[in-house]
Amino acid sequence: MNKLRYIVLSGLGLGILFPFAFLAMLSFSGEWFFPEVLPGYFGLKNWKEVLTSESGMGISFASSLGISLLVATLGTGTGFIWSKSIAYHSQKETWLVLAYFPYMLSPVVLAACLNFFFLKSGLSGTWQGVVLGQYLVAFPYSVIFFQAFWNHRTRQFEQLVLTLGGSSRQAFVQVILPLAKGMILVCFFQTFLISWFEYGLTALVGVGKVQTLTVKVFLYIKEANFYYGAIACCLLVWPPVLLLYLNKRFVYNRLV
Amino acid sequence: MKSKPAFGLLFFFLLGLLPFAAALVYALLYSLGIVGILSEGVSLAYWHQVLQSGELLGSFLYSALLAGTGVVLSVTLALWISMGLRTSLQHRFWSLLLYFPLAIPGMVASFLSIQLLSKAGFFSRISMKLGWIDRLQEFPDWINDSYGIGIILTFVLIVSPFFVILFSNVYQNERIAELSTLAYSLGAHGKQVFWQVTLPILFSKTKRIMILYFIFLLGSYEIPLVLGQESPQMLSVLIIRELKQFDLKLIPEGYVVAVAYTVVIAIAALLVFRRREVQVHE
Amino acid sequence: MKINCRIHLTLLTQHSTKKTFPITDSSMKRFAFLSLIFTLVLFYTACTEQKSSSEIDLSDWNSIDSLSRNTTVHFMMWQGSPAVNKYINSFLIPEVKKRFGIDLKISGGQGPEIVQLLMGEKQAGVNSGQVDIVWINGETFFQLRQIDGLWGPFAEQLPNAQYIDFEDPYIGIDFQQPINGMEAPWGNTQFALVYDSIKLPRPPRTLDELSRFVKSQPGTFTISNDFSGMSMLKSMLAELGSSPGSLNGPFDEQKYQTLATQLWDWINAHKPYFWKNGETFPREHTKMDQMFASGELLISYGFNEGGIEDKVLQGLFPTSTRGYAWKNGTVHNSNYLGITYNSPNRAGALQVINFMLSPEAQLVKMDVKGMNSNTVLEINRLPEEWRQKFEQATKRQYGPTMQSLEPYSIQEPAPEYMLRLFEDFRKYVIEK
């Protein structure tokens, strides 16, 4: 029994780590023809080629980071506040169902149908437009996320604090924010990921002008050269892994 | 408690709902030939055409089948891993590792599936080296195949890690371990505890999430785009194909499918989430 | 994709419900108000008016030249190849900056995206568009013509147009329609089939040979359900019409019906020997290239003479890869640069396009180690020094030359053939 468990566990661990290792390996490979199990070339050629032919990979990375951070900040911030209005509303259930609509719809379809309005408003092709587009998905997400926070007991607690007196500002800054910090951080991470991985909507609203890293690297994933595709995948996956690591440490501490 | 709900709700309405409604109305108008620069006037022809061809219904059924299979397999696998290995997974190392797959987006997952599972992929090469197959044509058909195996496998790859974490957390939060101990002390045996205590609690706590996941998979785009076949196609792929088609006069047909899909999803949302679910706050 | 994080929330809320917090309202309301204002201001700044383009007098190049100085030009193009990107990023962008002070900005997007964007802008009544120059081929030109998405005519008035032979049917005629100066040719390409000369010493060049080939090597040939696949079908259709010119001229419904029926019969009879037994077809030719690279397919095909040189140098295709044309001919056409109907900077666009057609820019573009694209310039019209440079340019090592394919070229048939092939290939082959 213990032996079996050990085998299954090792298999699971390998299964989780293998994709990351395989992508990294593929990105350094070349001349890997069937049926060879190992590549004919292994080195830096692909990375060099992609990084030198792409001026502004750094700028793309920075703009992706900037946009994702902004979307995450706005989405989490406004979602936190407005989820309260909904949570305490008498028609709470109705509002929540409505919040689920944009959230359940396939983002590419939503983007295709919204494109007209972005063009009309002049938001297309601007980073603000991209932020707004991604925010439209992140905001309902965040509203739903924080519903659990504004529960019955929170409400009773609020009334209790008000009865006991004390400045509302103090309470917000010194009591609520520190206490909600955990959930806020988690939500921040989630909305960050929504933005980081977002492709369809960003490409459409950004008109190929706002070249987030995702937009740039997805081109390579779709093209014939899968070695470059693997580079693209690595660039996409590793930053969130790092963030996940940071986030997880936090989640872990909270859980146990 | 005097918050300003009207103000908050207005904001929510503006940014959360108005875009959704606007998108739906625009798609509806386009599908009826009311807007569109090549429009030849109001017409039900596009609706007629789409509904008649049967492709829409086929796509719905196909999407539902793949999404449903994906969720069921993911849940089963996740249950097996999270409950079977529960004590080991609580270890710090594992609870970190389990989160890693969440950083893989659908596009990367499908790319990976092709590289690993296709006939000339990594696993096929290994099978060849090991002498299991002699020609690459003998390797099983998993990518762009008629049964959507590649799509389902990739769904499982994306979805099951999430359910593993979910089940582990629910197990802890609902104090299932303590309940199980209680059940044991009352004379229940292992299987009974699992089927009559653990499973019902896990399912009742995660039912909605499973349905939500089903709906997400139903509308997924990148995975079936890369791994699917040309007919039938999953809904999002079908919609985008119609919207980007070469014959510009037929683009309204794409909006017909988009409207139909949106309406079905909205009705599903109403059915699933409207029912008052009594939230238990312990 | 966001599936994995979208619902991730629910699990994390599970254990947070237990915590309860006191909360107060007025500071929250203030925060709420501020963030609302912040959001609105943010989006308002993006909505400010843009300038629209002034009228251009094409006969006065000096004024175009001065109007274009120190402006920004947006160029929407396909960006999936490092070789192409390198040409743009390390040659074109710095050169136009140096010569004209123009900031050339690249937007990613090809055919369908360009059409979608311009249709959307038309629909929304946007006078000052997102892009100035678009890189298109015949299919997109046909679509853009339907929606009047291009500005012109301009091509023949460009100073460097003197080196271009617009009478050449492969340049001046696009999909059986005269370009009439609405787009300027940028590259010249022929459709070619790709094979590995070691694995397949004698590749099929006719339908009969293909028939024998798929039966002896089942599963190694397919037709992509995109423009490349349709171009292959055109070659087959022309062969069934029994001459390279059989599809020339305006669309002929009866001819199409007769030939297409034969074609679908032929394909349906042979598709059990195709890739996946003909039960499905790859969506894009890039997928075919991938499968050729990994050995799953023995034949691939595409424009740019098969795009072989580049892919061998990248280590994607084996060095024994070669290309060839169908015996009855494969489609030979050009790709073009157009100016959008609502381009905010026409002068800048003209300046950049003119430079892209200069002997210097075209010579660099021809570099076999770089973008490796055939020039659209007529070598005999060039000044002596440039003619020599073009003639002395390094030849391809792996891919076929344009000269070797030229005897086997056919003109792009009328666009209706493409429309019908797309529709009927789905109806009579894929869904059957």
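Sequence order as written defines the numbering, with residues in each chain counted from 1. Chains carry letters from A onward and ligands carry numbers from 1 onward, assigned in written order. With pLDDT at 70 or above as the cut-off, local features in this predicted model cover only qualifying residues; side-chain atom pairs require 80 or more to be listed or tallied, and sums for whole chains, interfaces and linings still use all residues.

**Some words on the overall build of chain A**
The test is simple: Think of it this way: any DSSP run of H or I at least four residues long counts as a helix, any run of E at least two long counts as a strand, and we number them from the N terminus. In this scheme the burial state of a residue depends on its C-beta neighbours within 10 Å: 20 or more other such atoms mean buried, 12 or fewer mean exposed, and anything in between means partly exposed; the C-beta positions come from the backbone. The contact criterion used here is simple: two residues whose C-beta atoms, placed from the backbone, lie within 7 Å are in contact.
Each helix and strand in chain A was counted, giving eleven helices and two strands. Counted from the first residue to the last, chain A has its helices and strands arranged as α-β-β-α-α-α-α-α-α-α-α-α-α. Residues counted as buried form 56% of the 256 residues belonging to chain A. Relative to all contacts within chain A whose residues are 6 or more apart in sequence, the contacts with residues 24 or more apart total 72%.

**A look at the overall build of chain B**
Inclusion rule: Both definitions apply: the radius of gyration is a C-alpha atom measure, and the globule rule equals 2.2 Å times residues to the power 0.38.
When you go through chain B residue by residue, the secondary structure sums to 13 helices and zero strands. Its helices and strands in sequence order give chain B the pattern α-α-α-α-α-α-α-α-α-α-α-α-α, from N to C terminus. Whereas a compact globule of 282 residues would reach a radius of gyration of roughly 19 Å, chain B reaches 23 Å, over 25% beyond that. Considering only C-alpha atoms, chain B reaches an extent of 75 × 75 × 30 Å along its principal axes. Long-range pairs, those at least 24 residues apart, make up 67% of the contacts in chain B between residues at least 6 apart in sequence.

**Topic: the nonpolar core**
Nonpolar side chains tend to gather and get buried jointly when the protein is soluble and globular. Condition: By definition, a nonpolar core groups buried Ala, Val, Leu, Ile, Met, Phe, Trp, Tyr and Cys residues that connect through C-beta atoms lying within 7 Å of each other.
Ala232(A) and Ala258(B) are the most contacted members of the largest nonpolar core, which has 164 residues in total. Take this core: its biggest share by element is 16 residues, from helix α8 (residues 149-173) of chain B. Setting aside residues no more than four positions away along its own chain, Ala232(A) makes contact with Val217(A), Phe218(A), Tyr220(A) and Ile221(A). Counting residues in hydrophobic clusters, the runner-up holds 60 residues, among them Val84(C), Leu117(C), Leu118(C) and Tyr170(C).

**Some details on unusual backbone geometry**
In this structure, the amide linkage connecting Ser231(B) to the following residue, Pro232(B), adopts the cis form with an omega of -5 degrees. Inspection of the secondary structure assignment puts Pro232(B) in the loop between α11 (222-227) and α12 (235-243). Going from Gly152(C) to Pro153(C), the amide bond is cis rather than trans, its omega being 0 degrees. Checked against the element boundaries, Pro153(C) lands in the loop between β4 (150-151) and α8 (169-172). With a phi close to 50 degrees, Asp148(C) is a non-glycine residue in the positive phi region. For Asp148(C), the location among the structural elements is in the loop between α7 (138-146) and β4. Unlike most non-glycine residues, Asn180(C) shows phi in positive territory, near 50 degrees. You can see Asn180(C) is positioned in the loop between β6 (177-178) and β7 (184-190).

**Looking at the pairing of strand β1 (residues 72-77) of chain C**
Residues and elements named next belong to chain C. Filter applied, for reference: Call a crossover right-handed when, viewed with both strands pointing away from you, the route from the first strand across the helix to the second goes clockwise. At least two bridges found by DSSP between two strands is the condition for calling them paired.
The buried count for β1 comes to five of six residues, which makes it a mostly enclosed element. Since β1 and strand β2 (residues 103-108) lie parallel, the crossover through helix α5 (residues 82-100) that links them has a hand, and here it is right-handed. Direction of pairing for β1 relative to strand β3 (residues 133-136): parallel, over a ladder of two bridges. Along β3, the bridge assignment pairs Met76 with Val134.

**Overview of the UniProt feature "transmembrane region" (unreviewed entry) in chain B**
Residues and elements named next belong to chain B. How we decide: UniProt positions are given in the numbering used here, feature names are shortened, and annotations may be inferred rather than shown by experiment.
In this numbering, the UniProt entry assigns the feature "transmembrane region" (unreviewed entry) to residues 60-81, 93-114, 147-167, 209-227 and 254-273. Secondary structure across residues 147-167 divides into 90% helix and 0% strand, with the first and last C-alpha atoms of the span separated by 29 Å. Secondary structure content for residues 209-227 is 84% helix and 0% strand, and the end C-alpha separation is 25 Å.

**Points about the pairing of strand β11 (residues 330-340) of chain C**
Residue and element names in this part refer to chain C. Along β11, eleven of the eleven residues are buried, which leaves the element largely enclosed by surrounding structure. Here β3 runs beside β11; their pairing, made up of four bridges, is antiparallel. In the strand pairing of β11, Ile136 is matched with Tyr336. The sheet contact formed by β4 and β11 spans two bridges and is antiparallel. When the bridges of β11 are listed, Trp151 appears paired with Ile339.

**Looking at the confidence of the model for chain A**
Threshold: A score from 0 to 100, pLDDT tells how confident the predictor is in each residue.
Summary statistics for chain A give a mean pLDDT of 81 and a share of 90% for residues scoring 70 or more. Between residues 252-256 of chain A, whose pLDDT stays under 50, and residues either more than four places distant or in other chains, the model counts five contacts.

**As for the packing of α8(B) against helix α10 (residues 190-218) of chain B**
All names here are of chain B. For the record, the criterion: Orientation is described by axes fitted as lines to C-alpha atoms, over the contacting stretch for helices, and by angles from 0 to 180 degrees between their N-to-C directions. For classification purposes, an angle smaller than 35 degrees is called roughly parallel, one larger than 145 roughly antiparallel, one from 65 to 115 roughly perpendicular, and anything else oblique. Helix crossings are classified by the rotation of the near helix relative to the far one: an anticlockwise turn of less than a right angle makes the crossing left-handed, while a clockwise turn makes it right-handed. Gly is put with the polar residues, along with every residue not named as nonpolar or charged; the nonpolar set is Ala, Val, Leu, Ile, Met, Phe, Trp, Tyr, Cys and Pro, and the charged set is Asp, Glu, Lys and Arg.
Running from amino to carboxyl end, α8 crosses α10 at an angle of 160 degrees, the nearest separation of the two axes being 11 Å. Relative to α10, the element α8 is oriented roughly antiparallel. α10 is crossed by α8, and the crossing has right-handed handedness. Residues Phe155, Val159, Leu166, Phe167 and Val170 of α8 form the contact with α10, whose participating residues are Leu202, Lys205, Thr206, Ile209, Tyr213 and Leu217. Class assignment for the residues of the contact of α8 with α10 results in nine nonpolar, one polar and one charged.

**Thoughts on the UniProt feature "domain: ABC transmembrane type-1" (unreviewed entry) in chain B**
When the UniProt feature table is mapped to this numbering, "domain: ABC transmembrane type-1" (unreviewed entry) covers residues 56-272 of chain B. A helix fraction of 74% and a strand fraction of 0% characterise residues 56-272 of chain B, whose end C-alpha atoms lie 23 Å from each other.

**Brief notes about the UniProt feature "transmembrane region" (unreviewed entry) in chain A**
Mapped onto this structure's residue numbering, the UniProt feature "transmembrane region" (unreviewed entry) falls at residues 7-28, 59-83, 95-119, 131-150, 171-197 and 226-246 of chain A. For the annotated span residues 131-150 of chain A, helix accounts for 75% and strand for 0% of the residues, and the straight-line distance between the end C-alpha atoms is 27 Å.

**Structural notes on α7(C)**
All names here are of chain C. Of all nine residues in α7, seven are buried; the element is thus mostly enclosed. When α7 is considered as a whole, its buried residues turn out to be Gly138, Glu139, Thr140, Phe141, Phe142, Gln143 and Leu144. Asp148 sits one or two positions beyond α7 and adopts a positive phi of about 50 degrees.

**A word on the sheet that holds strand β10 (residues 321-324) of chain C**
Two modes of strand pairing occur in sheets, parallel and antiparallel, and in both the strands are linked by backbone hydrogen bonds. All names here are of chain C. Spatially, three strands are ordered β9-β8-β10 in an open sheet, and the strand pairing comes out antiparallel. With partners counted over all chains shown, the strands left at the sheet margins are β9 (299-302) and β10, one partner each. Mean inter-strand twist for the sheet, computed between neighbouring axes without regard to direction, equals 30 degrees. Strand direction decides the pairing type here: strand β8 (residues 192-196) and β9, joined by four bridges, are antiparallel. Bridging across to β9, Ala192 finds its partner in Gly302.

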